[in-house]
There are 2 protein chains.
Amino acid sequence: MTAPLPPGSTLGILGGGQLGRMIAVAAGRLGLQAHVYDPAEAPPAGQLAARTTTAAWDDEAALAAFADAVDVITYEFENVPTASLDLLGARRPIRPGREALRVSQDRLTEKEFLSGLGLSVAPFAAVHDAASLAEAMARIGTPAILKTRRFGYDGKGQARIAAPGDAQAALDAVQGAPAILEGFVAFRREVSVIAARGLDGSVACFDPGENVHEDGILRTTSVPARLTATQRTDAVLLAARILNALDYVGVLGVELFVTDAGLVVNEIAPRVHNSGHWTQNGCAVDQFEQHVRAVAGWPLGDGARHADVVMENLIGDDVDRVPEIAREADTAIHLYGKDAARPGRKMGHVNRILR
Amino acid sequence: MTAPLPPGSTLGILGGGQLGRMIAVAAGRLGLQAHVYDPAEAPPAGQLAARTTTAAWDDEAALAAFADAVDVITYEFENVPTASLDLLGARRPIRPGREALRVSQDRLTEKEFLSGLGLSVAPFAAVHDAASLAEAMARIGTPAILKTRRFGYDGKGQARIAAPGDAQAALDAVQGAPAILEGFVAFRREVSVIAARGLDGSVACFDPGENVHEDGILRTTSVPARLTATQRTDAVLLAARILNALDYVGVLGVELFVTDAGLVVNEIAPRVHNSGHWTQNGCAVDQFEQHVRAVAGWPLGDGARHADVVMENLIGDDVDRVPEIAREADTAIHLYGKDAARPGRKMGHVNRILR
């Protein structure tokens, strides 16, 4: 067990988007300095970080200098190239560790890992060509979704197969990339658990949030979620099982389908998660600080929730509504400092406290 | 009425201490960039600001460049030199405005201003030498406190006069600076109101907090304060009277003594205030964001409180307790990124949410 990073230490953050930005602010609350690494000029996180390195993921000199300038490294997204991680990891601890990335970077590996833990997942099969897709469809049926194994997010890299005739179009959509066919799950609702595991192995979960997606993008998360006491316990237990199996350090997002037969794991994300943004205004220690605490070897916060909250994402020109939202009572605005409001781009979010 | 500053605009902050730091974070939440100006190298606010200028208060070129690089200017402390404000104010709006600074920079002017509004203050008299002190003591009696008219904070620049024989020692303590003698007020408790006034003249107050001082430094603030409904209303009305009289824009701290004869104004601070730090974990919009909203011409938040909170300052080596505090439930830690924990130095604070 390593000693906790003292105030004044530096947290390196790979990726300077909104998640990195909110991690940087949380690090600041604990007296830690944030150093952001991002290939893009002027990333959102850079506006609230002590230092920013602007360099490509394959710039070995920049990666080495970055590692040498920080005490521990974390990341805001799971697709940092493996070679970069090798270089960084040889110099400084990377938390969460490589096993979590290996599993979550590949949808097939992730499904096999979760099944191997005895957890329920959607029916799935590997697909690499028309023949394997036909075989998968014969077993799983339709409707189903064809997803690339890697690099998908917010509904990208996915094609829906409503009926067998859609197979070729779906294959074309994923452009021959290694893929996975997933059967549909008849679910009542979607929830997620934001779970954390400390360097000492302790586990803490935030109250599950209930998610509503639109066009493959998270629209709202509400706490408390409509769950039975049993489902609530199951959610925490399965999250802990995943964390322990990965020897995980940091915050992990676990998306779940609530079905009549129990909870089905949709996917995991080895990082802070959009569906945990409500914690900023509902908990003394939010998911970003919880992540920093874990990564820095501090004790975890207990995750207790002191308010009911509805988080709403501001996507694309939703951000034009900010002047009106600013007049609402009990409403916290969180903007990401991005200049261009492209369609589908997450520009900010709002936490509405219910009293 | 000027239009609200759109996201992407830059807020200039004079002073890079903990108040400037928390203003910078709040500006970030609204999508604004913070540019901090401070004479000291590596000020705490710089760790969470998009840009920092390190230059002296009388560096005219640096002040001009700073003003030209920002859209509006605010400050974290009331003792920015007048000449610097003249230069800055000719180039960009400074909010809160000069009148608030003029009044609050001088304890005598402040007392006369408050009395002129019909508000109760401690008995006071101007002191500039032994004769005027003797005259003041004859009128006000002892015990009393001799305070320098300018540049006092956290109990500095003050000398207590328990009995007439202490007069010379008190004069020596203030080193011949223009001073004010204040009579003691027999108070039941100290409370403060963190009040805000928008560019449109609207006023919003946070729930009054109850303060406990030790050695002249704020130790804790608790909400709700023990106040009658009438006292609560009075506190808000008097704060609004002060804000309107100053044509104020921004957050103002009003310290009050609760006496059997009603509320007595102790002092005002034309800025965010230590006794308002509880709002970070008790309100959807905290005092720092409220200040940014006002200064940036946004609508004020309503200031509603959704939790009971006790704020405790971490002073000097109190910060050594952080490892234990980090294990407490429902406790939010806010450290200021300062390296040396000198006695009396504010290193951070803790907000404990009561459930």
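About the criteria used
Residues numbered from 1 in each chain as written. Chains lettered and ligands numbered in written order. Predicted model: local features only at pLDDT ≥ 70, side-chain atom pairs only at ≥ 80, totals over all residues. Heavy atoms only, no water. UniProt positions renumbered as here; feature names shortened; annotations may be inferred. Helix = DSSP H or I, 4+ residues; strand = E, 2+ residues; numbered from the N terminus. Rg over C-alpha atoms; globule rule 2.2 N^0.38 Å. Buried < 20%, exposed > 50% of the residue type's maximum accessible area, 1.4 Å probe, protein only. Contact = heavy atoms within 4.5 Å. Areas by Shrake-Rupley, 256 points an atom, 1.4 Å probe, with all protein chains shown as cover. Lys, Arg positive; Asp, Glu negative; His and termini not counted. Charge placed at Lys NZ, Arg CZ, Asp CG, Glu CD. Least-squares fit on C-alpha atoms with pLDDT ≥ 70 in both. Buried area = accessible area lost by both parts, 1.4 Å probe. Salt bridge = Lys/Arg side-chain N within 4 Å of Asp/Glu carboxyl O. Polar contact = N/O pair within 3.5 Å; in protein donor to acceptor, adjacent residues only side chain to side chain. Nonpolar A, V, L, I, M, F, W, Y, C, P; charged D, E, K, R; others polar. Expected span 1.5 Å × (residues − 1). Pairing = 2+ DSSP bridges. Axes fitted to C-alpha atoms, helices over the stretch in contact; angles between N-to-C directions. Domains from an automatic or database assignment. Parallel < 35°, antiparallel > 145°, perpendicular 65-115°, else oblique. Left-handed = near helix turned anticlockwise from the far one by under 90°.

Going by the annotation in an unreviewed UniProt entry, the name recorded for chain A is N5-carboxyaminoimidazole ribonucleotide synthase, with Roseivivax isoporae LMG 25204 given as the source organism. The record in UniProt for chain A states the following under Sequence similarities (unreviewed entry): "Belongs to the PurK/PurT family." Turning to chain A, the UniProt annotation filed under Catalytic activity (unreviewed entry) states: "5-amino-1-(5-phospho-beta-D-ribosyl)imidazole + hydrogencarbonate + ATP = 5-carboxyamino-1-(5-phospho-D-ribosyl)imidazole + ADP + phosphate + 2 H(+)".

**Q** Got a sec to walk through the overall build of chain A? Specific residues and values, please.
**A** The secondary structure content of chain A amounts to 11 helices and 17 strands. Against the globule reference of 20 Å for 355 residues, chain A gives a C-alpha radius of gyration of 20 Å, in line with a compact fold. With the C-alpha coordinates aligned to their principal axes, the bounding extent of chain A is approximately 60 × 50 × 40 Å. Looking at chain A residue by residue over its 355 residues, the buried ones come to 61%. Across chain A, every contact between residues at least 6 apart in sequence was considered, and the portion connecting residues at least 24 apart equals 61%. Summed over all atoms, the accessible surface of chain A reaches about 13,300 Å², with 51% contributed by carbon and sulfur. Taking the average place of the 34 positive charges on the side chains of chain A and the average place of its 43 negative ones, the gap between the two points comes to 3 Å.

**Q** Lay out the relation of the copies chain A and chain B in plain terms, naming residues and giving numbers.
**A** Each copy of the sequence occupies a distinct position, and chain A is placed on chain B by a rotation of 180° and an axial shift of 0.0 Å, giving an RMSD of 0.0 Å. Here the transformation between the copies is reduced to the relation of a two-fold axis. Within chain A, Leu48 of chain A has its C-alpha nearest the rotation axis, a separation of 2.1 Å.

**Q** Please provide a residue-by-residue account of the interface of chain A and chain B, values included.
**A** Counting residues at the interface gives 39 residues for chain A and 39 residues for chain B. Here chain A meets chain B over a buried area of about 3,000 Å², counting both sides, of which 57% is carbon and sulfur. Considering only the side of chain A, the residues that lose the most area to chain B are Gln47, Ala284 and His306 of chain A, jointly responsible for 17% of the buried surface there. Scanning the region where chain A abuts chain B turns up zero salt bridges. There are eight residue pairs in polar contact (both at pLDDT 80 or more) connecting chain A and chain B. Every element with two or more residues in the side of chain A that touches chain B is listed here: helix H1 (18–29), helix H10 (287–295), helix H11 (322–325) and strand S16 (331–335) of chain A. In terms of residue class, the side of chain A that touches chain B is made up of 21 nonpolar, nine polar and nine charged.

**Q** Lay out H1 of chain A in plain terms, naming residues and giving numbers.
**A** Residues and elements named next belong to chain A. For H1, which comprises 12 residues, the first-to-last C-alpha distance of 17 Å matches the rise-based estimate of 16 Å (1.5 Å per residue) to within 8%. Across the 12 residues that make up H1, a large majority, 12, are buried. Within the sequence span of H1, burial applies to Gln18, Leu19, Gly20, Arg21, Met22, Ile23, Ala24, Val25, Ala26, Ala27, Gly28 and Arg29. Phi for Gly31, located one or two positions after H1, is positive at around 80°.

**Q** Could you give an account of the sheet that holds strand S8 (residues 179–183) of chain B, naming the residues involved and the relevant values?
**A** Residue and element names in this part refer to chain B. The strand order S5-S8-S6-S7 describes an open sheet built from four strands, whose pairing is antiparallel. Bordering the open sheet on either side are strand S5 (124–127) and strand S7 (158–161), each of which pairs with just one other strand. Mean inter-strand twist for the sheet, computed between neighbouring axes without regard to direction, equals 25°. Pairing of strand S6 (residues 144–148) with S8, which is carried by five bridges, proceeds in the antiparallel orientation. By the bridge assignment, Ile145 is partnered in S8 with Glu182. Sitting on the sheet, helix H6 (residues 130–140) is in contact with S5, S6, S7 and S8, with an inclination near 170° to S5.

**Q** Describe the domain arrangement of chain A, with residues and values.
**A** Once the domains are mapped, chain A shows domain 1 (10–94), domain 2 (123–183) and domain 3 (189–354). If you average the C-alpha positions of domain 2 of chain A and of domain 3 of chain A, the two centres end up 28 Å apart.

**Q** So, the packing of helix H2 (residues 60–69) of chain B against helix H3 (residues 82–89) of chain B: which residues are in play, and what are the values?
**A** Residues and elements named next belong to chain B. The N-to-C vectors of H2 and H3 enclose an angle of 40°; their axes lie 9 Å apart at closest approach. By the angle between their directions, the pair H2 and H3 is classed as oblique. The interaxial crossing formed by H2 with H3 has right-handed handedness. On the side of H2, the interface is formed by Glu60, Leu63, Ala64, Phe66 and Ala67, while H3 contributes Ser84, Leu87 and Leu88. For the contact of H2 with H3, the class distribution of residues is six nonpolar, one polar and one charged.

**Q** Help me get a handle on the pattern of salt bridges, residues and values and all.
**A** Residues and elements named next belong to chain A. Following the criterion strictly, the structure yields 47 salt bridges over all chains and no others. Arg98 serves as the salt-bridge partner of Asp86, at 2.9 Å between the closest nitrogen and oxygen. Taken together, the positions of Asp86 in helix H3 (residues 82–89) and Arg98 in helix H4 (residues 98–104) put the pair 12 residues apart, joining distant regions of the chain. For Arg98, a relative accessible area of 33% gives the class partly exposed. With its nearest N and O atoms 3.4 Å apart, the salt bridge here joins Glu312 to Arg219. Of this pair, Glu312 sits in strand S15 (residues 308–315) while Arg219 sits in strand S12 (residues 217–223), and the two are 93 residues apart along the sequence. A relative accessible area of 12% places Glu312 in the buried class. Among the residues examined, Arg219 registers a relative accessible area of 15% and is labelled buried. Through salt bridges that share partners, Arg219, Glu312, Asp318, Arg321, Glu328 and Arg352 make up one connected network.

**Q** Tell me about the sheet that holds strand S1 (residues 10–14) of chain B, residues and numbers included.
**A** Residues and elements named next belong to chain B. Spatial ordering of the open sheet is given by S3-S2-S1-S4, a layout of four strands whose pairing is parallel. Each end of this open sheet is capped by a strand with a single partner; those strands are strand S3 (51–54) and strand S4 (72–75). Here the average twist between neighbouring strands, direction ignored, is 25°. Here S1 runs beside S4; their pairing, made up of four bridges, is parallel. Among the inter-strand pairings, Leu11 is bridged to a residue of S4, identified as Val72.

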